[in-house]
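Chain and residue survey
If you want the building blocks of each chain, they are given just below.
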Amino acid sequence: MGTSISRTPEPPYTAVVFTSTRTDGDHGYARMSERMDDLACRQPGYLGHEAARDEDLGITVSYWVDHASAAAWKQVAEHLIAQQRGREAWYADYTVRIATVERDYSMRTD
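A brief report on the enclosed structure follows. (Residues numbered from 1 in each chain as written. Predicted model: local features only at pLDDT ≥ 70, side-chain atom pairs only at ≥ 80, totals over all residues. Heavy atoms only, no water.)

What about the side chain of His49?
- With respect to the helices and strands, His49 occurs in strand β2 (residues 46–53).
- Looking at His49, its side chain comes within polar contact range of the side chain of Tyr46, at 2.6 Å. (Helix = DSSP H or I, 4+ residues; strand = E, 2+ residues; numbered from the N terminus. Polar contact = N/O pair within 3.5 Å; in protein donor to acceptor, adjacent residues only side chain to side chain.)

Considering the sheet that holds strand β3 (residues 58–64)
- Taken together, four strands build an open sheet; the order of strands is β2-β3-β1-β4 and the sheet is antiparallel. Of all the strands in the sheet, just β2 and β4 (91–101) have a single pairing partner and so form its edges. Direction aside, neighbouring strands of the sheet carry axes that sit 15° apart on average.
- Of the pairings in the sheet, the one linking strand β1 (residues 13–22) to β3 comprises seven bridges and is antiparallel in character. Following the sheet pairing, Thr14 is matched in β3 by Trp64.
- In this fold helix α1 (residues 29–41) packs onto β1, β2, β3 and β4, with an angle of close to 155° to the strand it touches most, β2. (Pairing = 2+ DSSP bridges. Axes fitted to C-alpha atoms, helices over the stretch in contact; angles between N-to-C directions. Contact = heavy atoms within 4.5 Å.)

Observations regarding the nonpolar core
- Met32, Met36, Leu39, Trp64, Trp73 and Trp90 are the most contacted members of the largest nonpolar core, which totals 15 residues.
- Within the residue set of this core, elements represented by two or more residues are α1, α2 (67–74) and α3 (77–90).
- The leading source of residues in this core is α1, at five residues.
- Leaving out residues up to four positions away in the same chain, Trp64 has contacts with Tyr13, Thr14, Val16, Ala40, Gln43, Pro44, Gly45, Tyr46, Leu47, Ser69, Ala70 and Trp73.
- Of all hydrophobic cores here, the second largest spans five residues; its members include Tyr13, Val61, Tyr63 and Val101. (Core = buried A, V, L, I, M, F, W, Y, C linked by side-chain atoms within 4.5 Å. Buried < 20%, exposed > 50% of the residue type's maximum accessible area, 1.4 Å probe, protein only.)

Topic: the pairing of β3
- Within β3, five of the seven residues are buried, which leaves the element mostly enclosed by the surrounding structure.
- Where β2 and β3 come together, seven bridges link them in antiparallel fashion. Looking across to β3, one finds that Tyr46 is bridged to Trp64.
- Between the antiparallel neighbours β2 and β3 lie four residues.

Below, the structure is given as structure tokens:
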């Protein structure tokens, strides 16, 4: 999971928000999650991601230069396999939201 705040460029850019509840047990989830993190980082248009999970709910936000880059990631063959496995074994429920970030600001000074 992402453990720091992503550094993103000046807007606009795309955010994909994946909110999920898990099923019981790992069933290979941790290994696939690590693989997807590594694979996403190498995709054209990837800007970063942030993730948090407690015992009930997980939220992962990935950032992309545009909607086309985010859509291309969704279609990567290995990611398609992970999506199918998620529906079959890892997630009790999930929602994906795709948004254009129009404005951002932070505490840090660059």
